Amino acid sequence: MKADKDKCIACKRCFAYCPMGRIQTFHRHEKIHGRIYIEIDQDACTDCGMCLRANICPVKALYQEVEDWPREIRGILSNPLIEFKGSQVPGRGTEEMKTNDVKGSFLPGEVGVGVELGRPGIGAYFRDVEVVAMALMGADIGYQLAEENPVTHFMADKNTGKLRDDVLGEKATSAIIEGKCKLEKLPEALKALQAAAEKVDTVFTVEVITKVTPEGEVPVKQVLEELGFWYSINSKNNLGLGLPAYAFYGDKGGAS
Amino acid sequence: MTHSLHRRGDYESLKDDFVVLGCPATGVNKAGSAPKTQMFLSICYKHGPVNLGDMKTGNIYNTTMDDILASVTDGTIVQCTFDNRDKIVDLIKELKERRPGISVIISGVTDVVQQCMQEAGLGPIHSLEYSLGTWGKTERLPGYAVLKLLTMCGHAMIAADLVGKMVRDIKRGRRTIRSCVVELAQCCTCGNFNLTRGEKIFEEVLSTYMVHSLY
């Protein structure tokens, strides 16, 4: 996002709307006497478009250029209105958990492990995303990356989690690493993430996905409680109403 | 994956906060899903959500319900936010009966969602996603009360500075709490922002937030 210095009057109305905080600086216009304008720090800005959508600028000075690679990934991951063509889903993640009832993406004995870096209000450089991705892939737990996820597409080596060098200096409002492993490998995955948390210069949220048994047991719960990991009282719950239902337990076990 | 998952708050704050998503599945039922998604939206709308929308079109505070319905195409993911568990029970009953066919997901307090499902005649939750919290440089995060508001937008489009400005404006008598939560709902395009909960949080925040200069 940029502010047109010939239009901007430095009224500061857009400042409060920036999810990345105060990333603007004041400058004196060299040609218009007495005019002060703002410049948006292009390194800190994630091109999320929030200030523009807020429609707060009284002189319409804000504008978003069409960005080339690699900067274009900022908008792809940060602006919720832009759809990532790889996943065909607007936003930063995939639909896999939401549609587990019909796709069977997370089978009994498997656990989805997702990490979202940068949210809320801090943002994440891809060099930090790489640290976490390489920690998961390097833990030797058979972590399978979600193919349709944007971050997976930006990887130079999907076996190690190494990202392309040209994206490492880019920043997004948030970026998600998605994948799954066997339930018995969850402790090692979480241990790897604990180590990665010490190395990154941002925050990340951690989430785990599991198929609930027909008896209502949540397989990951015992693992988390034994290891002493906090988990939230609120969760995202698939009701199992999608059609056609995926047969998780074969013909005999039904589709629940 | 995480859109409505990481809402922060205690049980009291979250027990009447539900985000209901309707999601077609690529490669399974996405083709031809538009009428199913429209049906899902119409059912949700009938049960009185506080917010409703889809990511690309916006929510009912940015545009109209007619526009949201008309903009649904195959693959559109829609969200409806509710502030009352009884409405959720009635909604699940109708969704179970009419079964639009797309996947239905409810983000909320796990035990409450499970109770609602049972009261509506559904069995256990099918699949579940837990948040294990925020790790890393958590000292860079804003205060907890502000976080409760910020995390209601899964795409992190609500700025901490905007909440601070709104608190100052409310304290100075320039704005009402209602006008502030409506604007926050407009920032959160998808329709995940719970305005009822937002108003309660603002009321809590106001008494603790210091305004250095009122004028």
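Only a predicted model underlies this, so the values are computations on that prediction, with no experimental measurement involved.

Asker: Is there a simple way to explain the overall build of chain A in this structure?
Answerer: A tally of helices and strands in chain A yields 8 helices and 15 strands. Referenced to the eigenvectors of the C-alpha coordinate spread, the extents of chain A come out at roughly 80 × 40 × 35 Å. Counting every position in chain A, which comprises 256 residues, the buried fraction comes to 50%. If you take every contact in chain A between residues at least 6 apart in sequence, the share linking residues at least 24 apart comes to 76%.

Asker: Can you walk me through the overall build of chain B in this structure?
Answerer: If you tally the helices and strands in chain B, you get 9 helices and 6 strands. Taken over C-alpha atoms, the radius of gyration comes to 18 Å for chain B, in line with the 17 Å a tight globule of 215 residues would show. Taking the principal axes of its C-alpha atoms as reference, chain B extends roughly 55 × 35 × 35 Å. Sorting the 215 residues of chain B into buried and exposed places 56% on the buried side. For chain B, contacts bridging at least 24 residues in sequence account for 76% of all contacts bridging at least 6.

Asker: When you look at the sheet that holds strand β2 (residues 51-54) of chain B in this model, what are you seeing that I'm missing?
Answerer: Note: strands within a sheet are paired through backbone hydrogen bonds, in either parallel or antiparallel orientation. Judged by pairing direction, the sheet is antiparallel, and its 11 strands sit side by side in the order β9(A)-β13(A)-β7(A)-β14(A)-β6(B)-β15(A)-β5(B)-β1(B)-β4(B)-β2(B)-β3(B) without closing on themselves. Where the open sheet ends on each side, the last strands, each with one partner, are β9 (144-145) of chain A together with β3 (58-59) of chain B. Those strands touched by helix α5 (residues 110-119) of chain B are β15 (234-238) of chain A together with β5 (103-109) of chain B, and its axis lies near 130° from that of β5(B).

Asker: What am I meant to see in the interface of chain B and chain A here?
Answerer: It is common to give the size of an interface as the accessible area that goes away when the parts come together. With 67 residues of chain B in contact, the opposing surface of chain A contributes 72 residues. Elements supplying a minimum of two residues to the side of chain B that touches chain A: α1 (11-14), β1 (18-23), α4 (85-98), β5, α5, β6 (127-136) and α7 (160-171) of chain B. It is β6(B) that provides the largest number of residues to the side of chain B that touches chain A, a total of 10 residues. Both β15(A) and β6(B) contribute to a ladder of 4 bridges, which runs antiparallel. The residue of β6(B) that forms the bridge with Lys236(A) is Glu129(B).

Asker: How should I be thinking about the environment of Lys12(A) in this particular structure?
Answerer: Residue and element names in this part refer to chain A. Here lysine 12 lies in the loop between β1 (2-3) and β2 (24-28). With 11 C-beta atoms counted inside 10 Å, the residue lysine 12 sits in the exposed group. Along the primary structure lysine 12 and tyrosine 37 are separated by 25 residues, whereas in three dimensions their C-alpha atoms are 9.5 Å apart.

Asker: Help me understand the domain arrangement of chain B in this model?
Answerer: Residue and element names in this part refer to chain B. With domains assigned, chain B is organised as domain 1 (11-119) and domain 2 (138-208). Computed over C-alpha atoms, the centres of domain 1 and domain 2 are 23 Å apart. Listed as interface residues are 17 residues of domain 1 and, on the opposing side, 13 residues of domain 2. For the side of domain 1 that touches domain 2, the elements supplying multiple residues, two or more each, are β2, β3 and β4 (78-82). Considering only residue class, the side of domain 1 that touches domain 2 consists of 6 nonpolar, 8 polar and 3 charged.

Asker: Explanation requested: the pairing of β6(B) in the structure shown.
Answerer: Remember that side chains alternate between the two faces of the sheet whenever the strand is regular. With respect to burial, β6(B) is a largely interior element, 9 of its 10 residues being buried. Of the pairings in the sheet, the one linking strand β14 (residues 203-211) of chain A to β6(B) comprises 8 bridges and is antiparallel in character. Pairing of Phe204(A) across the sheet is with Trp135(B), part of β6(B).

Asker: How should the nonpolar core be read in this particular structure?
Answerer: Buried together is how nonpolar side chains tend to be arranged in soluble globular proteins. Formed by 133 residues in total, the largest nonpolar core has its most connected members in Val129(A), Val132(A), Leu136(A), Leu193(A), Val20(B), Ile158(B) and Cys188(B). Element by element, the count of residues in this core is highest for helix α4 (residues 126-138) of chain A, at 8 residues. Sequence-distant contacts of Ile158(B), that is, excluding residues within four places in its chain, are made with Leu149(B), Leu150(B), Cys153(B), Val163(B), Leu184(B), Cys187(B) and Cys188(B).

Asker: Sorry if this is basic, but what is going on with the domain arrangement of chain A here?
Answerer: Residues and elements named next belong to chain A. Domain boundaries in chain A define domain 1 (8-65) and domain 2 (82-232). The distance between the C-alpha centroids of domain 1 and domain 2 comes to 34 Å. Each partner contributes to the interface: domain 1 provides 5 residues, whereas domain 2 provides 5 residues. Grouping the amino acids of the side of domain 1 that touches domain 2 by side-chain chemistry returns 3 nonpolar, 2 polar and no charged.

Asker: What is the right way to read the environment of Glu96(A) from this model?
Answerer: When you line up the elements, Glu96(A) lands in the loop between β6 (89-90) and α3 (100-103). Counting along the chain gives 37 residues from Glu96(A) to Val59(A), while the straight-line C-alpha distance between them is 43 Å.

Asker: Would you explain the pairing of strand β7 (residues 110-117) of chain A in this entry?
Answerer: All names here are of chain A. β7 sits mainly inside the fold: 8 of its 8 residues count as buried. Side chains of β7 alternate between two faces, with Glu110, Gly112, Gly114 and Glu116 and Val111, Val113, Val115 and Leu117 buried alike. As paired strands, β7 and strand β13 (residues 175-182) are joined by 8 bridges and run antiparallel to one another. Looking at β13, one finds that glycine 114 is bridged to glutamate 178. Pairing of β7 with β14, which is carried by 6 bridges, proceeds in the antiparallel orientation. Bridging from a neighbouring strand, leucine 117 pairs with phenylalanine 204 of β14.

Asker: Sorry if this is basic, but what is going on with helix α2 (residues 34-46) of chain B here?
Answerer: Spacing of three or four residues puts side chains on the same side of an α-helix, whose turn is 3.6 residues. Residue and element names in this part refer to chain B. Spanning 13 residues, α2 covers 18 Å between terminal C-alpha atoms, matching the ideal 18 Å at 1.5 Å per step. For α2, the full list of buried residues reads Lys36, Thr37, Phe40, Leu41 and Cys44. Buried residues along α2 cover an arc of 135° about the axis, so they all sit on one side. α2 presents Pro35 and Lys46 as exposed residues on the side facing more than 90 degrees away from its buried surface. Looking at the buried residues of α2, the elements they touch are β1, β2, α3 (65-70), β4 and α4. One or two positions beyond α2, positive phi appears at glycine 48, with a value near 75°.

Quick notes on the rules
Residues numbered from 1 in each chain as written. Chains lettered and ligands numbered in written order. Predicted model: local features only at pLDDT ≥ 70, side-chain atom pairs only at ≥ 80, totals over all residues. Helix = DSSP H or I, 4+ residues; strand = E, 2+ residues; numbered from the N terminus. Buried ≥ 20, exposed ≤ 12 C-beta atoms within 10 Å, placed from the backbone. Contact = placed C-beta atoms within 7 Å. Rg over C-alpha atoms; globule rule 2.2 N^0.38 Å. Pairing = 2+ DSSP bridges. Axes fitted to C-alpha atoms, helices over the stretch in contact; angles between N-to-C directions. Domains from an automatic or database assignment. Nonpolar A, V, L, I, M, F, W, Y, C, P; charged D, E, K, R; others polar. Core = buried A, V, L, I, M, F, W, Y, C linked by C-beta atoms within 7 Å. Expected span 1.5 Å × (residues − 1). Arc of directions from axis to C-beta.

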